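Observations on the model geometry
Single-letter residue listing:
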Amino acid sequence: MALVGCSGAQGARTESPTRTSGAPACAATAKLIPSCGAWWGIAPEIFTGLGTPRALERAERRMGRAADILHVYHRTKELFPTDREIALARDPAQPRLLLINWKPSFDHTWAEIAAGALDTRIDRLAAHIVGKFPERFFLTVHHEPEDDVDATPGSGMTAGDYAAMFRHVVLRLREQGVRNAVTVMTYMGAPNWASRSWFEQLYPGDDVVDWVAMDPYADARVRDFDGLVNKTRKDYAQWPGFYRWMQSRFPGKPIMVSEWGVFERRGQPGFKATFFASVKTQIRNYPQIKALVYFDSPRAPRGDTRFDINPAAAKAFTDLASDPHFRRTKVPRP
């Protein structure tokens, strides 16, 4: 499904209803692209110690709706999806899409993984997925690689090594029968990393990447959603912003904002409410964004991203979550 992009500075588009006379209903494509609107997702109550089912139940109650996408994190030898994650995906009242974020190893370099060092681990995971979970799910491999790059030749952690690792993992899973993983290449979404000379070498290739994603956060430089997805900096004047770059670089691929969060700002208790209102106003200016997945945590690495830190923020987030743009396409049932 080809997606039509825009500059990100245009006026909001008028969306047609879910079904018009003689028109098909909104639906997800084979690559889980919603034909209307965008998915609404969450990584719930991260760093709180709660198990995923309880964290999700609480987060969905707090935001006033069920999530389309549940973002979960796995590492090294862990098998996924877990039984609990499968149950949440197959919830008969509200099925959910899983976005599984996997870092295969902290002990092997990307070059070593690409050369086959973890093939036994990959094969074991593939057998688990094939045997337990035939449904389609999103898979991202070692997300946000930029700050792990070591450009020194022979380090095993160059941008080219990352691309080779990603390719090897995806192709190995496919060879072992995993055909239901919708693959996502996840960038940090930061101008300083995107301006590095090796940045373009990170991309593994169209044949192993179904969606492209970014993980931007509303730091002190960001005022609204436009500034979040198109961050620029004076000290990196050549960088156009991530949405603009993705739109130009990947015109036929859907974009996922796979992590986004708004930090608390000292002395600005109303900032989160204002920011969430800007997302609701501006999201339709970015039609290539087909999924928005919030990172909800009281202890995110750089601050508190809870969306309901005060009543005004809670209301604005609930209003955003209930916007028709995020309700037009239903999650496909297992």
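In this text the structure is predicted, and so the values were computed from the model without any measurement. (Residues numbered from 1 in each chain as written. Predicted model: local features only at pLDDT ≥ 70, side-chain atom pairs only at ≥ 80, totals over all residues. Heavy atoms only, no water.)

Considering the overall build of the chain
So the rule is basically this: Under the DSSP-based scheme used, a helix requires at least four consecutive residues in state H or I and a strand at least two consecutive residues in state E, with every element numbered from the N terminus. In this treatment the radius of gyration is a C-alpha quantity, and the globule benchmark scales as 2.2 Å times the residue count to the 0.38 power. When a residue's accessible area, from a 1.4 Å probe over protein chains only, is under 20% of the maximum for its type it is buried; when over 50% it is exposed; and in between it is partly exposed. Contact between two residues is taken to exist if any of their heavy atoms lie within 4.5 Å; hydrogens are not considered. What sets the accessible areas is the Shrake-Rupley method with a 1.4 Å probe; for residues, cover comes only from the shown protein chains. By the counting scheme adopted, Arg and Lys are positive, Glu and Asp are negative, and His together with the chain ends is not counted. Charged side chains are reduced to one point each, which is NZ for Lys, CZ for Arg, CG for Asp and CD for Glu.
Scanning the chain from terminus to terminus reveals 10 helices and 9 strands. Taken over the C-alpha trace, the chain has a radius of gyration of 19 Å; the compact-globule value for 334 residues is 20 Å, and the two agree within 12%. By principal-axis analysis of the C-alpha atoms, the chain measures approximately 50 × 50 × 45 Å. Looking at the 334 residues of the chain, the share that counts as buried comes to 56%. Sequence-distant contacts, at least 24 apart, represent 79% of the contacts inside the chain between residues at least 6 apart. In the form shown here, the chain has an accessible surface area of approximately 14,200 Å², with 51% of it arising from carbon and sulfur atoms. The averaged location of the 37 negative side-chain charges in the chain is 5 Å from the averaged location of its 45 positive side-chain charges.

Section: the state of the cysteines
Convention followed: Here, the term disulfide refers to a pair of cysteine sulfur atoms separated by no more than 2.5 Å.
Per the counting criterion, the structure on display carries 1 disulfide. The partner cysteine of Cys 26 in its disulfide is Cys 36, sulfur to sulfur 2.0 Å. The sign of the -85° torsion about the S-S bond sets the Cys 26-Cys 36 disulfide as left-handed. Of this pair, Cys 26 sits in the segment before strand E1 (39-43) while Cys 36 sits in the segment before E1, and the two are 10 residues apart along the sequence. Each of the two residues, Cys 26 as well as Cys 36, counts as buried.

Observations concerning the environment of Tyr 217
We apply this condition: Pairing of N or O atoms within 3.5 Å defines a polar contact, subject to two protein rules: one partner must be a possible hydrogen donor and the other a possible acceptor, and residues neighboring in sequence count only if both atoms are side-chain atoms.
With respect to the helices, strands and loops of the structure, Tyr 217 is situated in strand E7 (residues 217-218). As a C-alpha pair, Tyr 217 and Lys 231 span 14 residues in sequence and 9.7 Å in three-dimensional space. Look past the residues within four positions of Tyr 217 in its chain and what remains in contact with it is Val 222, Leu 228, Lys 231, Glu 259, Trp 260, Gly 261, Phe 263, Phe 295, Arg 302 and Thr 305. Of the polar contacts made by the side chain of Tyr 217, one reaches the side chain of Glu 259; its length is 2.6 Å.

So, the environment of Lys 132
Note that Lys 132 resides in helix H4 (residues 119-132). On the accessibility criterion, Lys 132 (34% relative accessible area) is partly exposed. In the structure, Lys 132 is positioned 52 residues away from Phe 80 in sequence and 9.3 Å away in space, judged by C-alpha atoms. Those residues in contact with Lys 132 that sit more than four places away from it in its chain are Asp 83, Ile 86 and Arg 90.

Side note on H4
The following threshold applies: To estimate the expected span of a helix, count its residues, drop one, and scale the result by 1.5 Å.
With 14 residues, H4 extends 20 Å between its outermost C-alpha atoms, agreeing within 8% with the 20 Å of an ideal straight helix rising 1.5 Å per residue. Taken together, the buried positions of H4 are occupied by Asp 119, Arg 121, Ile 122, Asp 123, Leu 125, Ala 126, His 128 and Ile 129. Buried residues along H4 sit in contact with strand E3 (97-103), strand E4 (137-141) and helix H5 (159-175).

Considerations on the pairing of strand E5 (residues 181-187)
What counts here: Strands qualify as paired when DSSP identifies two bridges or more between them. Viewed with both strands pointing away, a crossover whose connecting path from the first strand over the helix to the second turns clockwise is right-handed.
Of all 7 residues in E5, 7 are buried; the element is thus mostly enclosed. Residues Ala 181, Thr 183, Met 185 and Tyr 187 of E5 are buried on one face, and the alternating residues Val 182, Val 184 and Thr 186, pointing to the opposite face, are buried as well. Alignment of E4 against E5, held across 4 bridges, turns out to be parallel. When the sheet's bridge partners are listed, Phe 137 is paired in E5 with Ala 181. Considered for its hand, the β-α-β crossover made up of E4, H5 and E5 is right-handed.

What about unusual backbone geometry?
That bond from Phe 80 to Pro 81 is cis: its omega, -5°, falls within 30 degrees of zero. Tracing the backbone through its elements, the reader meets Pro 81 in the loop between strand E2 (69-75) and helix H2 (83-89). A positive phi angle is found at Phe 47, which is not glycine, with a value near 65°.

What to know about the nonpolar core
Across soluble globular proteins, you tend to see nonpolar side chains buried next to one another. Threshold: Only buried Ala, Val, Leu, Ile, Met, Phe, Trp, Tyr and Cys residues count toward a nonpolar core, and they belong to the same one when joined by side-chain atoms within 4.5 Å.
The biggest cluster of nonpolar side chains holds 84 residues, and the ones touching the most others in it are Tyr 187, Trp 260, Phe 275, Phe 276, Ile 289 and Leu 292. The element contributing the most residues to this core is H5, with 7 residues. Contacts of Ile 289, omitting those with residues within four sequence positions, involve Ala 38, Phe 225, Val 229, Tyr 243, Ile 255, Val 257 and Ile 283. With 15 residues, the next largest nonpolar core counts Leu 32, Val 184, Ala 213 and Met 256 among its residues.

Here's the deal with the packing of H4 against H5
Let me state the cut-off plainly: Angles shown run from 0 to 180 degrees and are taken between the N-to-C directions of axes, each axis being a line fitted to C-alpha atoms and, for helices, limited to the stretch in contact. Small angles under 35 degrees read as roughly parallel and large ones over 145 as roughly antiparallel, with 65 to 115 read as roughly perpendicular and the rest as oblique. Left-handed describes a crossing whose near helix is turned anticlockwise from the far helix by less than a right angle; the clockwise case is right-handed. Basically, the charged four are Asp, Glu, Lys and Arg, the nonpolar ten are Ala, Val, Leu, Ile, Met, Phe, Trp, Tyr, Cys and Pro, and anything else, Gly included, counts as polar.
With their axes 9 Å apart at the nearest point, H4 and H5 run at an angle of 45° to one another. Put simply, H4 runs oblique to H5. Seen from above, H4 lies across H5 with right-handed handedness. Together, Asp 119, Ile 122, Asp 123, Leu 125 and Ala 126 of H4 and His 168, Val 169, Arg 172 and Leu 173 of H5 make up the contact between the two elements. A breakdown of the residues in the contact of H4 with H5 according to their chemical character gives 5 nonpolar, 1 polar and 3 charged.

Any link to function would need more than the numbers given here.
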